[in-house]
Structure formats: C-alpha cells, structure tokens
Amino acid sequence: MKQKGKLPAVAGCLAVQLCAGILYVWSIFRQSAIDYYGWSTAAVDLVSGLMLFCFCLGGMIGGAWADRIGPRRMAFIGMPLFGAGVLLSSMWHPGAPIGLFYFSYCLIAGASSGMTYGPMLCCVQRWFPERRGLATGLASGAFGFSTVVFAPLVSRLLASFELPVALRILGIVFLAVGICACLLIRAPEEQPAGAMEPDNSLTLRQAIRTPPFWLLALMCFFYNGTWNMLNPLVKSLGIERGLSAGAATVCVSLTGLMNASGRLLMSLLSDRIGRLRTLALLCGATALAAAGLIGAVGGAYFAFILLASFAYGGPAGVTPAAMTDYFGPSHAGSKYGIVMLAVGISSVTFNALSSALRAATGGYTAAFLVGAATAVLAAAAVAAVAKLLRKKQ
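As the structure is a prediction and not an experimental result, all values here were calculated from the model. (Residues numbered from 1 in each chain as written. Predicted model: local features only at pLDDT ≥ 70, side-chain atom pairs only at ≥ 80, totals over all residues. Heavy atoms only, no water.)

Student: Would you mind going over the overall build of the protein chain with me for this structure?
Tutor: Within the protein chain, the secondary structure is distributed over 15 helices and zero strands. Relative to the globule expectation of 21 Å for 393 residues, the C-alpha radius of gyration of the protein chain, 20 Å, shows essentially globular dimensions. The principal-axis extent of the C-alpha atoms belonging to the protein chain is close to 55 × 45 × 30 Å. When burial is assessed residue by residue, the protein chain has 57% of its 393 residues classed as buried. Taking all contacts inside the protein chain whose residues are at least 6 apart in sequence as the whole, residues at least 24 apart take part in 84%. Summed over all atoms, the accessible surface of the protein chain reaches about 15,200 Å², with 68% contributed by carbon and sulfur. Both charge centroids of the protein chain, one from 27 positive and one from 12 negative side chains, sit 4 Å from each other. (Helix = DSSP H or I, 4+ residues; strand = E, 2+ residues; numbered from the N terminus. Rg over C-alpha atoms; globule rule 2.2 N^0.38 Å. Buried < 20%, exposed > 50% of the residue type's maximum accessible area, 1.4 Å probe, protein only. Contact = heavy atoms within 4.5 Å. Areas by Shrake-Rupley, 256 points an atom, 1.4 Å probe, with all protein chains shown as cover. Lys, Arg positive; Asp, Glu negative; His and termini not counted. Charge placed at Lys NZ, Arg CZ, Asp CG, Glu CD.)

Here's what the structure looks like:
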C-alpha cells in the first residue's frame, strides 16, 4: 500500500537533524569563548566532548521514549529544549563559571539534540524499509551537513557580534525552524510492503544478551576516538600547520560536507557490499588519516582531515542500519540509544586523553598514534561480529 505524506514527513525529520548537528561546529566557537569569557583552553576544549556525551545520553533516553510516544511528540519535546539550551547559553557574562555553560550548552542543548537524533533516524528508516542504508544515510547525512550550513554562518556572526549575541540569534533560528519542522513529522501508519515483520525483531532485553550487540557498541567506542580528539582542534591546529585563518575555516566547513557525504555514500555502499565490509573499510581509512596527520602540513593536513571526517561520518549511517538488520526494527530507538552511549563515553574519554597526551608530550604525535590504534581496535570488533554471525548461519 502506497504511503501518503512521505516527502513532508522525511523533510521534517531532515530539518530537525540539520539543526541538531550544530554540535559539530564548536571548533568555530572555541576561540571566541576563550577570548570573551576568559576561560582556560583546557576547560573550553571539554565543551565538545561533554556535549557529545550528553548528546548520546539524550539519544538513549529519547530512543526509549520515542518507542512509546512516537517520533513527532519526541521532536516536539527535544527541539524546543534544544533552542532553549542555546538561548540560555547566551545569557552568561564574562567571568561566569564555565560550569554554567556546560549546563546550558552541553547538558540541555546537547541532551535534547540527542533526544531527537535517534527517533528521526528511525522514523526515516520506517519510510524506506527496503533501503535502510539509504534511509540512515539521508537522516545522519543531514545531521553531518549542519557544519556546511552553520560553520560559515557562525563565522560571520562572530565577526559582527559578540559570542552571546551570536548564540542568541542561533537559538531563535533553531526554535523557529525546529518547531515548524516538527509539524511535518509523522511515522507511517502501517508498514509498507516488504518491511520486516515485527515478530522477527529481538526485544531490547534479548538484543543486549547477544555478543554482537556489545561488539558493535565497542566498535563505536573505539572508532569515534580519532575524530573526538581531532574535532575541537581542526581550525587551530590547521593554522599551526600552515593554513591561513580563512582556509582553516573552509576546512571546518568541508569537514561537515565530507562527514555528510560519508554518512550517505557509505550507507548506500553498505546496501551493496554489506554493513560489516563497509565498516571495515572505514576503519582502515580512519587509521590511515590518523597516521598521516602526525607530520602533515598545509595541503596534506587539509586532505587528511577531510579523509578523517569522511570516514568518521560513515559509521553514523551504516551502524543504525546494521542494528536494524541484525536485531529487527521494533524498539530500534531503544537499541540504538544504548549503542550511542558508547559514543558519548568515547567522546569524554578520548578528549581527556588527547589533552593529557598533549600536555605530557608538548605535541600531537602521541594522540594521533592513539587515534590510529583505536581504529585498528574498532576493525577487530567488526571482524569479531562477522565471525559470530558466520557461526550463527
């Protein structure tokens, strides 16, 4: 039976994802936050990791909640909270404790954006049951594309206004666009022909008792380590490595484009060659990028950053499709929400580790070596999942 309203429903989900992806733009805000508030570099560098952790924590909560109340209601809860968190972040004055910013920007805005991410992704999957790779690629790609849209906008705002004013403008935009998008969102009333039957799905309790579930979570933990260490540094390190300030800003914008491209293109590839083969390829690309960044300068730095961002984006599209393939579409939000928590723990762990290694060594070589090693460990987890699934067959 042909479903009506697919286009506006999917468009609404993608618009929500586009707004929520602002967390990837923190490297543009970073120096302005240091200059305006007078906070230490180490404290400001924690913002990116803490926001991602709260995002993933919100993803676990939102996934479970959306399984009960539906994606539309979840979006109407998450998006106003997200805009309110960004607006509240604009209220702090110079000299304010950075803990207040952690509360408003990381906890409120970060967690609420995570509350919408998984449910929007699962909603788009339900509209494309036979093309899960395409569905997750579209939904996660819109999230990654946020950097392309907002990095130049944020740079212009910061060139014209102080940081609080820029945050206030963005908060109002997110509230307006987000709430309008929520009006369009709805899930299909019934499964279209060809969709997986609900009785083929594992319950959440059954899924978490299987080794592949936790191996995929472990893969996410290690895989995200490389980009978690890189993300706050893309612009500042680019300038140190020979890029002009303008070129470094362009690099940040292009990381969003490559991130979004990785999410969409690798998801489509996974529909053809399989989820695990695609994840293995991405682990190899991440290890190559991390190793290359040890001594890369100028154009080589630019190229390896783009490779790292492309490879980082891929699993965000492929892993949710793999989860649905292996554990079924029912309660997909709850299942993926738990796996997302591994990404959040990774963000805090590897951001702290990166800062400690830089402080101890005075450089970035040790951090990039760790980034390459974590990609290898992620590949080992993928290989273990493949081995278990072959035995099951």
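Student: Which parts of the structure should I look at to understand the side chain of Gln 125?
Tutor: In this fold, Gln 125 is placed in helix α5 (residues 98-127). Residues in contact with Gln 125, not counting those within four places in the same chain, are Ala 135, Thr 136, Pro 320, Ala 321 and Thr 324.

Student: Looking at this model, I keep getting lost on helix α4 (residues 71-89). Mind explaining?
Tutor: Quick reminder: α-helices carry 3.6 residues per turn. Residues three or four places apart thus point the same way. Helix length check: α4 (19 residues) gives 26 Å between terminal C-alpha atoms against 27 Å at 1.5 Å per residue, within 8%. Residues of α4 that are buried include every one of Pro 71, Met 74, Ala 75, Gly 78, Met 79, Phe 82, Gly 83, Gly 85, Val 86, Leu 87 and Ser 89, and no others. (Expected span 1.5 Å × (residues − 1).)

Student: Looking at this model, I keep getting lost on the nonpolar core. Mind explaining?
Tutor: The tendency in soluble globular proteins is for nonpolar side chains to be buried side by side. Counting 117 residues, the largest nonpolar core has Phe 29, Phe 101, Val 154 and Met 219 as the members making the most contacts within it. Here this core takes 13 residues from α5, the largest share from any one element. With residues near it in sequence (within four places) discarded, Phe 101 still touches Trp 26, Tyr 37, Trp 39, Val 47, Ser 89, Trp 92, Cys 106 and Leu 167. (Core = buried A, V, L, I, M, F, W, Y, C linked by side-chain atoms within 4.5 Å.)

Student: What should I look at first to understand the pattern of salt bridges in this one?
Tutor: Any two side chains of opposite charge can pair, given that their charged atoms come close. Summed over the entire model, instances satisfying the criterion amount to four salt bridges. The partner of Arg 30 in a salt bridge is Asp 45, with the nearest N and O atoms 2.5 Å apart. Here Arg 30, found in helix α2 (residues 26-37), pairs with Asp 45, found in helix α3 (residues 41-69); they are 15 residues apart in sequence, far enough to count as distant. For the pair formed by Arg 30 and Asp 45, the shared burial category is buried. Notably, a salt bridge pairs Asp 325 with Arg 275, separated by 2.6 Å at the nearest N-O pair. Here Asp 325 is found in helix α13 (residues 298-327), whereas its partner Arg 275 is found in helix α12 (residues 275-292), with 50 residues between them in sequence. By relative accessible area, Asp 325 is classed as partly exposed at 28%. For Arg 275, a relative accessible area of 9% corresponds to the buried category. (Salt bridge = Lys/Arg side-chain N within 4 Å of Asp/Glu carboxyl O.)

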